[in-house]
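# Geometric and topological summary
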Amino acid sequence: MTRYPRYLPDGRAYCVGDGPQPSDVLLLGESPGVDEDASGQCFVGRTGQTCNELWKRVGLERGTVRVENVLCYKPELYEQDGPIQQYELERDRPRLVQKLARCRPRYTFAMGAHAADAVLGEYVRSAGHVLKLEWACGIWFEVELPHGERGYVMPAYHPSAGFHDTTMAARFWRALEAFAAQTRARTPPDVWQPDTRPVDYKRYTDSVPLIASSEVGVDTEWLSDGSVYCATLSWKDHAGILVERDSWAARSIAESSQRANDITWITHNAAADLGPLDDLGVVLHRYDDTMLMARVVGEPGSLKTLATRHLGVRMTEYDDVLKPYREAKWWAWLKRVRREALKRSSWGVRQGTGWSLRTYVNSMWSAAVGGLLSDEDTDISTRWRTCNASEEYRARVRKAIGPEPTTDLRDVPERERVEYACKDADVTRRLARPLRRLVESANATEAYRVDLAMAPILGRLRRVGMLVDTERLRALEVDMERELKRIVAEMKRVAGHEFNPSSTPDIARIVFNEFAQPVGRYTKMDKPSTEAKQTEAIRNRLLARKAEHGGLDERDEKALEFLGLLVEHRHIDKLKSTNVTGLWSFLDSGGRIHPDLRMEAASGRCVAGGRDERGLETPNALAIPRRSDWGKRVRQCYIAGEGLKYVVADLSQIELRVMADLSGDENMVSILNDPKRNVHAETAVYIFNTRSGKFPGLKLKDVKKPIVADSATAISFYDAGKTLGFGMLFGLTEWGGQQQFAKVGLM
């Protein structure tokens, strides 16, 4: 038997579980934290106290069930917010087997990815799947546990994930309720099974078999130029057909659909499919949408995720299907570009103080070849799109070589292409059954029908698109490029030397070494994180200290100036890459973009963004910043067209009115019924003055104008009140609230 010392050499303590042994029920966590390390007991810190309360609510009171962790000791990188390391899991694996052998659980609730992998990973991988909590949370599995006995396991998100993401918190709670109900029933649950049945997917060009079903799954596939490639249909399980546009088969399907009033068509994202199906002549008299069904009951919206979760089907992502064929075309294109770079002397001339075009090309070639030799990701198309070469350089390459290569399903061999496309329609149809049951059990049928009625409206909005003033967009792109160069020059002045503002190691060295700022968290590669929320947190901490002490020392003052420039640079660079430069590849011949509009179940709002039919990240035209000057200029690039005007219409604080009605809060109802009163202003005064006393001088008349706290900070209490009001509805966490308040000057 493996012996585990009470303390490790660095002082970390062994933490023991508690509860009866053996026990039918095991609550399995991942690792001890600071409080557990100090006490030697599991689940006694903040997360543990939350868990104890939640377990008690569902009847799993501590002391009546066994509680354990996968790791015996606090993780080495815990204080740095670093990941659990593989050697730690391997070190404590024998002890976990001993714990399971003593407990002999019939039902195990595995909280967190590492806990789930410890008891389920081998089984799921043997079935050909990858274990991810996105699809596995709340699903029952019957497996042979590591100690050799069979048992039922339900994985769930780690409870601490709910502190930062309320969607995960809700899914954790639903999983815990289902787990507790099953342990009380003491009956075998319905368990997940991998789908191993053979499929019958075919491509039809001429005759199409008669549709003999009241429900037909349907999906569409697109080409790289934005046109429709095909429709796929399925009217029986594990079978489907592909009909290409302009084929006799497509005409036959169109004629059948126009006569078939009794068929219910099953789509996944009807707003995206209705337009293409209309182009093919396919008429959906009656339809359902599995994506909306899933979202209205809090399930994941991805078809691939739902297929694994409810059907045990493994599906391939569109980008993974295209990747080998895209890479082959890009390798050939890059070879031509490199040969041209070696021949053309003009490509060796530097532009200003930057690299020459030849240097960019050689750098890409070296990186691509090096990645290939080291088995790393060698996505050349991504390297080219994200490299810092100017648009002028790219235009010179296109003029000499031709446009960058595009890839779509036509580049994929027929058998692989047909299987990928038909599986979407087959799975969509089969998913309708379990998702309908979930909608009915959640009493969400009416809400689902309301969202479904929006699908044709969103589909039409998507097809019509948004007109862009290309001249204004081009001028904005130039101005943004000029401003980014100015900011970089200022950052180099503050740092006192040259560096690459897009280089994570360079930023980390300046912030954490030269300016000696504390590291907030570490990446999975054990490197200091310089992601936006970490650098903004450091800046906010410096602003708070400056306000409290009336100033900073020279080093911290420089760090504050540098971080302010970095935040500004990232804001403009992101806005430029996604909503300005990134917009060109999404413009059609008429100068319009066609955003991926859809309903968002958590808020009931229309949202945009995501990946398009080419696998590219689409610009989110509904989330352009409206407070920043650059955001306002981006918004001005969208125009209504000749003889037309944009009309802005918004329901007056409709979500807050619903909340007031449901809660019956008399004060809130009174405010919302009085047109002279403002709920956000009164919320701000109540929270920051009446309730907390933090700002005793705050009055209603002052709320709407920013109050200058110091030379670098202006507090917008109105925005803070608005953040609180809507945050209560849409799941704003404590961490999220702190970040939002920092943006309006409240440290």
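### Considerations on the overall build of the protein chain
Across its full length, the protein chain carries 27 helices and 20 strands. Put simply, the protein chain has 747 residues, and 48% of those count as buried. Considering only residue pairs separated by 6 or more positions, the protein chain has 68% of its internal contacts joining residues 24 or more positions apart. Accessible area for the protein chain stands at about 37800 Å²; split by element, carbon and sulfur atoms hold 50% of it.

### Thoughts on the sheet that holds strand β1 (residues 25–29)
The 5 strands are arranged β2-β1-β3-β5-β4 in an open sheet whose pairing can be described as mixed. The open sheet has two edge strands, β2 (66–69) and β4 (141–144), and neither has a second partner. The average angle at which neighbouring strand axes cross in this sheet is 30°, direction not considered. The pairing of strand β3 (residues 107–111) with strand β5 (residues 150–156) spans 5 bridges and is parallel. Bridging across to β5, Tyr107 finds its partner in Tyr152. Packing of helix α6 (residues 166–185) onto the sheet brings it into contact with β1, β3 and β5, and relative to β3 it is tilted by some 170°.

### Describing helix α11 (residues 318–343)
For α11, built from 26 residues, the straight-helix expectation of 38 Å at 1.5 Å per residue is met to within 8% by its first-to-last C-alpha distance of 37 Å. Along α11, the sharpest kink reaches roughly 40°, centred on Pro324. Of all the residues in α11, the buried ones are Tyr318, Val321, Leu322, Arg326, Glu327, Trp330, Trp331, Trp333, Leu334, Val337, Glu340 and Ala341.

### Comments concerning the environment of Leu120
Inspection of the secondary structure puts Leu120 in helix α4 (residues 113–126). Each C-alpha atom of the pair Leu120 and Val153 lies 7.7 Å from the other, and the pair is 33 residues apart in sequence.

### Overview of unusual backbone geometry
One can expect most non-glycine residues to show negative phi and most peptide bonds to be in trans. The omega torsion across Gln21 and Pro22 is -5°, close enough to zero to call that bond cis. As for its position among the elements, Pro22 is in the segment before β1. A positive phi angle, near 60°, is found at Arg186, a position not held by glycine. With respect to the helices and strands, the residue Arg186 is situated in the loop between α6 and β6 (200–204). Overall, Arg186 belongs to the partly exposed group, its relative accessible area being 39%. The backbone of Asn443 shows a phi angle near 55°, a positive value even though the residue is not glycine. Within the secondary structure, Asn443 is located in the loop between α15 (414–441) and α16 (445–464). Residue classification places Asn443 among the exposed residues on the basis of a relative accessible area of 72%.

### Considering the confidence of the model for the protein chain
When pLDDT drops low, the exact placement of atoms in the prediction is not to be read closely. Looking at the protein chain, pLDDT values average 85 and 89% of them are 70 or higher. Here residues 708–714 is modelled with pLDDT under 50, and outside its nearest four sequence neighbours on either side it reaches 14 contacts, counting other chains as well.

### Examining the sheet that holds strand β7 (residues 215–222)
Strands sit in the order β6-β9-β8-β7-β10-β11 across an open sheet of 6 strands; the sheet is mixed. Looking at the sheet topology across the chains shown, the edges are occupied by β6 and β11 (287–289). The average undirected angle you get between the axes of adjacent strands in this sheet is 25°. Of the strand pairs in this sheet, strand β10 (residues 264–267) and β11 are connected by 3 bridges, and their pairing is parallel. Within the sheet, the bridge partner assigned to Ile266 lies in β11 and is Asp288. Where helix α8 (residues 270–279) meets the sheet, its contacts fall on β7, β8 (228–234), β10 and β11, and the angle it forms with β7 comes to roughly 85°. Against the sheet, α16 makes contact with β7 and β11, and its axis sits at roughly 95° relative to β11, the strand it touches most.

Conventions we followed
- Residues numbered from 1 in each chain as written.
- Predicted model: local features only at pLDDT ≥ 70, side-chain atom pairs only at ≥ 80, totals over all residues.
- Heavy atoms only, no water.
- Helix = DSSP H or I, 4+ residues; strand = E, 2+ residues; numbered from the N terminus.
- Buried < 20%, exposed > 50% of the residue type's maximum accessible area, 1.4 Å probe, protein only.
- Contact = heavy atoms within 4.5 Å.
- Areas by Shrake-Rupley, 256 points an atom, 1.4 Å probe, with all protein chains shown as cover.
- Pairing = 2+ DSSP bridges.
- Axes fitted to C-alpha atoms, helices over the stretch in contact; angles between N-to-C directions.
- Expected span 1.5 Å × (residues − 1).
- Bend = angle between axes of the 7 residues up to and from the residue.
- pLDDT = per-residue confidence, 0-100.

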